[in-house]
Structure formats: structure tokens, C-alpha cells
Amino acid sequence: MATHPFSLLFLSSFLFLSDHISAVRAAPADQISAVRSACAATPHPDLCHASFSRNPSLLTSATAPKDVIHGAVILSIAAVNHAALSLHRTAATWQSNLTQRELTALGDCDDMLHVTLDELRAADVALGHYSGAASSAALARHAADLRTLLSAAVTNEGACLDGFSHDATDKLLREQVKEDVLSVSHHCSNVLAMVTGMAEQDMKEKLAAEGKEREGRRKLLDAFEVDDAGFPDWMTAGDRRLLQGAVAADVVVAADGSGNFRKISEAVAAAPSNSGKRYVIRIKAGTYTENVEVPKGKKNLMFVGDGIGATVISGSRNVVDGSTTFRSATVAIVGGGFLARDLTIENTAGPSKHQAVALRVGSDLAAFYRCEFRAYQDTLYVHSLRQFFRDCTISGTVDFIFGNSAVVIQNSNIIARRPNPNQRNMVTAQGREDPNQNTGIVIQRCTIGGASDLPSSTRTFLGRPWKEYSRTVVMQSTISSVIDPAGWFEWSGNFALNTLTYREYQNTGAGAGTANRVTWKGFKVITTASEAVEYTVENFVAGASWLRGTGFPFSLGL
């Protein structure tokens, strides 16, 4: 289970809620109308209406969309609180009958509820900043931040339930926690829909005032941008220098004892919490066999190795041996603003051990440069929030780039490895489950090929839809003949084939031909730059500001 008690989540939620929900009193008709209108545009309107009805005090100032959204955030936090208590009861009831993986899955859910609570609180703060946006660009940025936080909150609950999907016994426990966890997800989906609707209307008005009506939809897709040197705009000049040049380390990890620490996890534990400054951990050449987690309180950390294949972080946790997919990661990054360069992260469990993650990243505004991620099934878990990968190597077999963050992988080498006999390779399995989530996998200017020992008989596909609104774009990349002419593969029958968003644009190579691609409603070959530009780093992953400071190269547009 998680190291923190469930009661801490209950207490922190209760204290937060007590500041916002006061004695029940009647709401004026105009406020009821505002809530009714906002709820009608959500994916779960009955839940929205019922929740506000049970808490009429939240209606007392709900005359504007922002006020209604604030109330919906408070109700979402209450749902998290309820789910945490229910999870605690379930754990106590089932304790003696649980396998280690089921105990781990419950702990994963507890962790994700904590993270969801943080993201909802951050969204409430961001909502206050949103109304002060002076320009369309500022408005787009604040809207992107809000949607990113809420998209992640929805994703957490899906990931929680996915932890109970490995065998029949797991699925029985899943049914016990499903109702309350889905309630959290539905509350967060409702808030996300409200934010999306409000932002679209406000952007339309802001752009009309600026005489820029044509830019409206694209601006709302902003997740991050990159500058002409190829770096995201969230990166400071100092971080950019760290990624490109010599690095002055705060501490050194060396397996031979010549540094401050022998283990990476020890250096992470000793790093300052919630630091506003970059903290650099130099990891000397060597193989470090350990599982490393950068928790949410360890912000602005940077790992610097001695090069791909020289500095190697290695683990072997996997589902077959009792882990959950979420917890199997050799390296798991949650603390925001994480950077890494010049190292390899691997999971050596092998193709027969099923899900076995090398890197899981749920860090917002994280970037990886000249890194290698090596495993088989589920190599790179881009779990949530926003990330950027440049000049990396990613190799695996089944769904080996998966998750539900907003991520751009640029100028990287993507390699399909030899799977078990009769297995198909799937490069991606994107997990967007709500049409309002600003998430997806963009592969730009990469090389997609096969390992030297990959049998020619192994069918390899660009991806399959893990969730209903799966979104993956492959553009301006070199695709070898290893990719099947159909390009994409179904998850289960007709599931998601009409609702997914799969796009290809200006790819080259023997496997890039689209004449025999799938004919699903959700698949499209992009033929115009004006459409393709929506999926560039500039317009898909939160503005050039966050990458500019990393020192990593990147390309803004096409």
C-alpha cells in the first residue's frame, strides 16, 4: 500500500471543503439557471445537477461560468474525499484475501487520488488567474493549463481502475472500487467540459476584439510551443544551457563510491523538496539496478548521465511477477519540471512478462534529451500532463509508447523489437478517454523501424486505440517497411474506430504509403499544412516558453 495513510487525504479534503461549503441557503433563480445551463453541456449532466442540488450553498454566487466551474471543482474534491474513504474501507474488508498485486493496485489508487486532489486545487487557483488574461495568447495559455490539469485528473482514475485488469480476481476487486472512482472521473470530466466551453467562447470574443478570428480554434489547442532553435518555451535559458552544455552538478551519484551517493534513489531522497531552482543530479557511467521514483514534492530535478549505454538505470518489475503496470516502472517521474539527458532507462523483464515499464512520467513540463528507453511491452508510459522528447531512442514490442499525456516526440529513433512468437507489435496505445482532453501522442521527424533481429513475419503497426478517443499523429517521419500497409490495428472489434483521431502527414519511407491504410472514420491522411500545424510543438504542447529554457533542441512547427 501507499506509505501515507488514507485518513490524511480525508482530513486535507475536509479542511479544504469546509472553507468553501457553508450552511445551506436558497439560491436565486438566475444562479440556478447558470448552473442548469453549464450542466447541460457536460458529459454527465444528471450527476452535475444532482451534486449542485445537494449543495445549494455553492449556488449563491454562481452567476458566471467561472463561478459555476469553481463550484464544480469543489464538488469534485468532495468526490475524491468520498472515494478515498471508500477505498480505505475496501482495503480493510479485503485485507486478508488480497494478493500483493491487488494491495499494490489499491496503493496506486490512493496515490492517484492524492495527485488528483492536488490537480483540482491547482485548477481552482488557475481558474482565478484565467479571468485576468489580457490577450488571446495569455487566455490560450491559461486555458491550456486548466485543461491539462483536469485532463490529468480524469486520466488518474482510469489508471487506477486499469490496475485491477490483469486476472479474474483482480476484476472482482475492481468492481468494489469502480463506482466511487468513476464518480471522481465523471465529476472531473464535467469540469473539463465546462472549462472547454467557457474557453472557446472567451477566445472567440477575445480574438474578435483583436481582429484575429481565424486563429481561434488553433490557439485553444496550445499545450506547448517551441522556438526556432527547437526548445519548448517553458524552459529557462539556464535549463537550456544545462541540456546542451557542461553541467555543474549539485550532487554526484557513482556506483564505485566516488560520488556523494551510490544509488540514484538516495540522491533523490536527499534533494530539496518543492525547490524553485534547478537541482542537478549527475549520474556517472555504470549500471544502477534500482527502481527510482521522483515524487510530486521533488520538483525541478535533473538527471545527467554520461551517455546512452554508459549510464544505465535498470529494473525488471512486471505484471506476471505481481506488479501493476503503473508500479512496474524502473523510473517513475511525478515531480514537476523534470529534465533528463544522456542516459538509458531499461526494464529487462522480457517479452514473456507482459507489462513491464521502463519510464513512467506524470510530470508536467518535463523534457528528455539524448535518452534511451528500452523494454518490451509498455516501455514508455507517458501517463499524464505535458512532456517533450528529443533525440531519444525508444524500443519495445506491444504498446511500447502509451499513456494519456500531451507529448511530442521529435527527431527520435523508434525501434520495434522481436516479440514473442505470434505476437504483433504496436508502437503506440494512446489513452485519451474524454473528447475534451487536450492530450495525445505526436511523433514528428522521427525514424520508425525494426531491430536487426525482428522477423519479417512479425506484423508491426503504428498503434491501436487503448481508450475511446485515442489520439496519435505521425508526421514528417521516416517509416520503414516494418510497418504493415494497414498502418493501424483495432483494439477490440469496432471499439473507438469512429471516435479516435489518427493522422499521418508527409511521412516518407517504404512503410509510409497510405493507399492501403485502414478506412476507419477516425483515421485521416492530412493533406494541408494548415491542418498539420495544429499538431506541432508550437500548437500542441503548451507554448514555446517551457521548452526554451531546457537547452534541448526542438522544432516549433513544420
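About the cut-offs
- Residues numbered from 1 in each chain as written.
- Predicted model: local features only at pLDDT ≥ 70, side-chain atom pairs only at ≥ 80, totals over all residues.
- Heavy atoms only, no water.
- Disulfide = S-S within 2.5 Å.
- Buried < 20%, exposed > 50% of the residue type's maximum accessible area, 1.4 Å probe, protein only.
- Helix = DSSP H or I, 4+ residues; strand = E, 2+ residues; numbered from the N terminus.
- Salt bridge = Lys/Arg side-chain N within 4 Å of Asp/Glu carboxyl O.
- Bend = angle between axes of the 7 residues up to and from the residue.
- Axes fitted to C-alpha atoms, helices over the stretch in contact; angles between N-to-C directions.
- Parallel < 35°, antiparallel > 145°, perpendicular 65-115°, else oblique.
- Contact = heavy atoms within 4.5 Å.
- Nonpolar A, V, L, I, M, F, W, Y, C, P; charged D, E, K, R; others polar.
- Phe/Tyr/Trp six-rings, centres within 6.5 Å; stacked < 30°, edge-to-face > 60°.

Chemist: Got a sec to walk through the state of the cysteines? Specific residues and values, please.
Modeler: As used in these notes, a disulfide is a covalent bond between sulfur atoms, one from each of two cysteines. Overall, the coordinates contain two disulfides when judged by the stated rule. Here Cys39 engages in a disulfide with Cys48; their sulfurs sit 2.0 Å apart. The S-S bond linking Cys39 to Cys48 shows a torsion near -65°; that makes this disulfide left-handed. Judged by relative accessible area, Cys39 falls into the buried class, the value being 0%. One disulfide in the model links Cys109 with Cys160; its S-S distance is 2.0 Å. Residues Cys109 and Cys160 are joined by a disulfide whose S-S torsion is about 90°; by sign, that bridge is right-handed. Here Cys160 lies in helix α6 (residues 136–162) and Cys109 lies in helix α5 (residues 100–130), a separation of 51 residues in the sequence. For the pair Cys109 and Cys160, one class covers both residues: buried. With no disulfide of its own, Cys371 lies closest to Cys392 among cysteine sulfurs, the gap being 5.0 Å. The thiol of Cys446 is not disulfide-bonded; the next cysteine sulfur, from Cys392, is found 9.2 Å away. For Cys446, a relative accessible area of 2% gives the class buried.

Chemist: With reference to specific residues and values, describe the pattern of salt bridges.
Modeler: What the rule picks out here adds up to 17 salt bridges. The closest approach of N and O atoms between Arg341 and Asp342, which form a salt bridge, is 2.7 Å. You can call Arg341 buried: its relative accessible area is 9%. Between Arg374 and Glu372 there is a salt bridge, with the nearest N and O atoms lying 3.3 Å from each other. When its relative accessible area of 26% is taken as the criterion, Arg374 is described as partly exposed. By relative accessible area, which is 11% here, Glu372 ends up buried. Taken together, the salt bridges that share partners define one network made up of Asp108, Asp111, Glu293 and Arg327.

Chemist: If you had to explain helix α7 (residues 168–210) to someone new, which residues and values would you point to?
Modeler: Along its length, α7 shows its largest kink, about 50°, at Lys178. Following α7 by one or two positions, Gly211 has its phi on the positive side, about 70°.

Chemist: Please set out the packing of helix α3 (residues 45–54) against α7 residue by residue, giving values where relevant.
Modeler: At their nearest, the axes of α3 and α7 sit 10 Å apart, and the two run at 95° to each other. Relative to α7, α3 is oriented roughly perpendicular. The residues of α7 that touch α3, namely those facing Leu47, Cys48 and Ser51, are Ser183, His186, His187, Asn190 and Met194. Looking at the contact of α3 with α7 residue by residue, the classes come out as three nonpolar, five polar and no charged.

Chemist: Let's hear about the packing of aromatic side chains: which residues, and what values?
Modeler: Taken as a whole and judged by the stated rule, the model has 12 aromatic pairs. Aromatic side chains Phe326 and Tyr381 sit 6.5 Å apart centroid to centroid with 85° between the ring planes, which places their arrangement in the edge-to-face category. Taken together, the residues span a long stretch of sequence, with Phe326 in the loop between β6 (311–315) and β7 (331–333) and Tyr381 in strand β11 (residues 380–382) at a distance of 55 residues. Centroid distance Tyr502 to Trp520: 6.4 Å. Interplanar angle 45°. Geometry classified as tilted. Highlighted residues: Tyr502 in strand β23 (residues 501–505) and Trp520 in the loop between β23 and β24 (523–525), separated in sequence by 18 residues. Since its relative accessible area comes to 13%, Trp520 is described here as buried. Three or more aromatic residues joined by ring pairs make a cluster, and in this case those are Phe303, Phe338, Phe368, Phe373 and Phe389.

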